[in-house]
Amino acid sequence: MRILIIGAVAGGTTAATQAIRNDSKAEIVIYEKDKDISYSGCSLPYYIGGLVKERKHIAPRDSEHFKKKYNVDVKVRHEVIDIDVENKNITVKNLETGEEFKDNYDELVIATGASPFVPVKEWLHKENVFTLRNVISADEIKEYILKNNPKKALLVGAGAINLELCENLQEYGIEVTVLEAQNQVMGPLDEDMALKLEEYLKEKGVIVYTGEKLSSMEGEKTAAKVITEKREIDTDMIILGMGVRPNTDLAQKAGVELGKTRAIHVNDRMQTNVPHIYAAGDCIEVYSLPHEDYVYRSLGSLANKTGRIAGKNATGEDITFKGILSTGIFKVFDMTVALVGMNEREAKGLNEKCKSHMFKMASKPSFMPGAGEMVIKMIIDEETDKILGVQIIGDDGVDKIIDIFATCMMFGAKYNKDLSGLDLAYAPPYSPSLSPVIQAGIIVEGSLGK
Ligand SMILES: Cc1cc2nc3c(=O)[nH]c(=O)nc-3n(C[C@H](O)[C@H](O)[C@H](O)COP(=O)(O)OP(=O)(O)OC[C@H]3O[C@@H](n4cnc5c(N)ncnc54)[C@H](O)[C@@H]3O)c2cc1C
């Protein structure tokens, strides 16, 4: 069996390694147009800031590694330019030599990922304007900072990646301004939680402007100033973090169906509508359990999971994907922000019977070193007693608490029957005697008299 894979980051390489584990005789070739493969995109902000010291730590594997360890061929600087579904072959262009050739497949996995959304392409022609997506783009940002010693940076978009970048740019003594078109930072949070985060960013010296759109940039070779509806902002460098769009042109041209999110639509086995073509990672939409609908999420955790399913099913297994809760977490200076499920806005749009509760809780007994606090917002459905979503901001223990909530939600736990009875580990260095999850269940149970 010959399996071809397009894209060699999280989705593509996971599909390849799972496929070869399942069928050690399969011939597997991954085509990748970039030169880096199987890297940790999620670590790029920390590579820029210097916490991750060396490039090889985020991109430790190369084609030789895949050949030696898995007998998988990874051809870098090779772009797939066409898929012929009738004849089951693809056309590949060697970007070094310009040569084009065809390659036949029995099964094909599309893992073409996503690209940063940039509304005005010309902005990227200026030498101090960047996006952050892959190792090359991180290298460019780092190199620009080291060479030009910028004093001010403007981050356009207040999503997780730009918020992670704040502390990493401040490491160089750069004054950071965040500009966001929506009325709040971090769109997926509810406004009350986003306000807490914005206040914290300001405490840390970040200048934050929300509800303001970038309309133009001024400057010839470099952008020295940006114009919004409300002001002009002088800057030495700009990073555009305005979201991503799935890379779907190649698939669409071949007749692969897109969903309503405009990402590739797959079933729960990662099969597209075209026989023998699977898709995984940032190029697909996924089923969201709380929304009961397909959503688009660009997450490395998800690319690994869907890549695994595509790789296994392409080699004859039959495993299915249950769906997602959109669980996410990120660090902003010493604060952690985490969320799972729907926010209150979304929940109220779908279901009038939902209610939210907010609690402030200790992460461990106050006399213990490192004890911190977290604010938890829980959104529940009063009719079914299900937990619809949770958002947490805090300085200690947030990662554990969000994962407990996510696990409870995955298995349909009810806030009033199941949370208070959870048997969770306790010792003072780790937790209060009653975990914040248990406390949340008890408080809400009491307040609603259920
Ligand atoms: C700065 C940053 C921080 C992040 N932090 C987190 C985090 O903390 N947690 C989290 O869960 N996620 C995070 N993510 C998201 C995560 O990195 C992505 O979800 C993940 O990389 C998706 O993997 P993928 O393989 O689907 O797509 P991609 O990483 O986009 O890889 C797709 C590859 O396909 C190649 N390709 C595309 N078209 C072709 C073609 N025609 N021919 C050949 N090759 C092609 C591209 O060159 C690319 O290398 C972060 C992303 C970034 C940029």
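All residue numbers refer to position in the chain's written sequence, counted from 1. Given that the model is predicted, a residue must reach a pLDDT of at least 70 before its local features are reported, and side-chain atom pairs must reach 80 or more before they are shown or counted; all residues, however, enter totals for whole chains, interfaces and linings. Computation of side-chain values: all heavy atoms of the structure, hydrogens and water removed.

1. Details of the packing of aromatic side chains
Any Phe, Tyr or Trp ring, taking Trp's six-membered ring, that has another such ring centre within 6.5 Å forms a pair; planes under 30 degrees apart are called stacked, those over 60 apart edge-to-face, and the others tilted. One pass over the full model with this rule turns up five aromatic pairs. Ring centres of Tyr200 and Phe333 lie 6.4 Å apart, and the angle between their planes is 75 degrees; this geometry places the pair in the edge-to-face category. With Tyr200 in helix 7 (residues 191-203) and Phe333 in the loop between strand 21 (328-332) and strand 22 (335-341), the pair connects residues that are 133 residues apart, well separated along the chain. Phe333 matches Tyr200 in its accessibility class, with the two residues each being buried. Here the guanidinium or amino end of Lys142 rests over the ring plane of Tyr47, the centre of that ring lying 4.1 Å away. Any Lys NZ or Arg CZ that is within 6 Å of a ring centre and within 35 degrees of that ring's normal is treated as a charge sitting over the ring. One residue, Arg231, lies across the ring of Tyr209, its end atom 3.8 Å from the ring centre. Numbering of helices and strands runs from the N terminus, with a helix taken as a DSSP run of H or I at least four residues long and a strand as a DSSP run of E at least two residues long. For every residue, the accessible area (1.4 Å probe, protein chains only) is compared with the maximum for its type, and the residue is labelled buried under 20%, exposed over 50%, or partly exposed between those bounds.

2. Re the nonpolar core
Put simply, a nonpolar core is a bunch of buried Ala, Val, Leu, Ile, Met, Phe, Trp, Tyr and Cys residues held in one set by side-chain atoms that sit within 4.5 Å of each other. Membership of the largest hydrophobic core comes to 51 residues, with the highest contact counts inside it found for Ile28, Val72, Ile83, Ile90, Leu108, Ile110 and Ile264. Each residue touching Ile110, except ones within four places of it in the same chain, is listed here: Ile6, Ile83, Ala251, Val256, Ile264, Ile277, Tyr278, Ala279, Ala280 and Cys283. Within the second largest apolar cluster, 45 residues are counted, among which are Ile48, Tyr144, Tyr200 and Val206. In this analysis, two residues are considered to be in contact whenever any of their non-hydrogen atoms come within 4.5 Å of each other.

3. Brief notes about empty space enclosed by the protein
Here the term cavity refers to a set of points on a 1 Å grid, laid over the protein atoms alone, in which a 1.4 Å probe fits but cannot get out; the term pocket refers to an open set having protein on both sides within 12 Å along at least five of seven lines, with lining residues being those that place an atom within 4 Å of a point. Grid points are joined across faces, edges and corners, and a volume is the space filled by probe spheres set on the points. Across all of its chains, the model carries two cavities of 30 Å³ or more by this definition. By volume, the largest cavity is sized at about 50 Å³. Around the largest cavity, the lining residues are Ser363, Met374, Gly397, Lys400, Ile401, Tyr430, Ser431, Pro432, Ser435 and Pro436. Across the lining of the largest cavity, the residue classes tally to five nonpolar, four polar and one charged. Considering only enclosed or pocket space, the second largest cavity measures out at about 30 Å³ in volume. Lining the second largest cavity are Pro188, Leu339, Val340, Gly341, Met342, Asn343, Val390 and Gln391. Secondary structure elements with two or more residues in the lining of the second largest cavity: strand 22 and strand 25 (387-394). The element best represented in the lining of the second largest cavity is strand 22, accounting for three residues. Each residue gets one of three labels, nonpolar for Ala, Val, Leu, Ile, Met, Phe, Trp, Tyr, Cys and Pro, charged for Asp, Glu, Lys and Arg, and polar for the others, Gly among them. Class assignment of the residues belonging to the lining of the second largest cavity gives a composition of five nonpolar, three polar and no charged.

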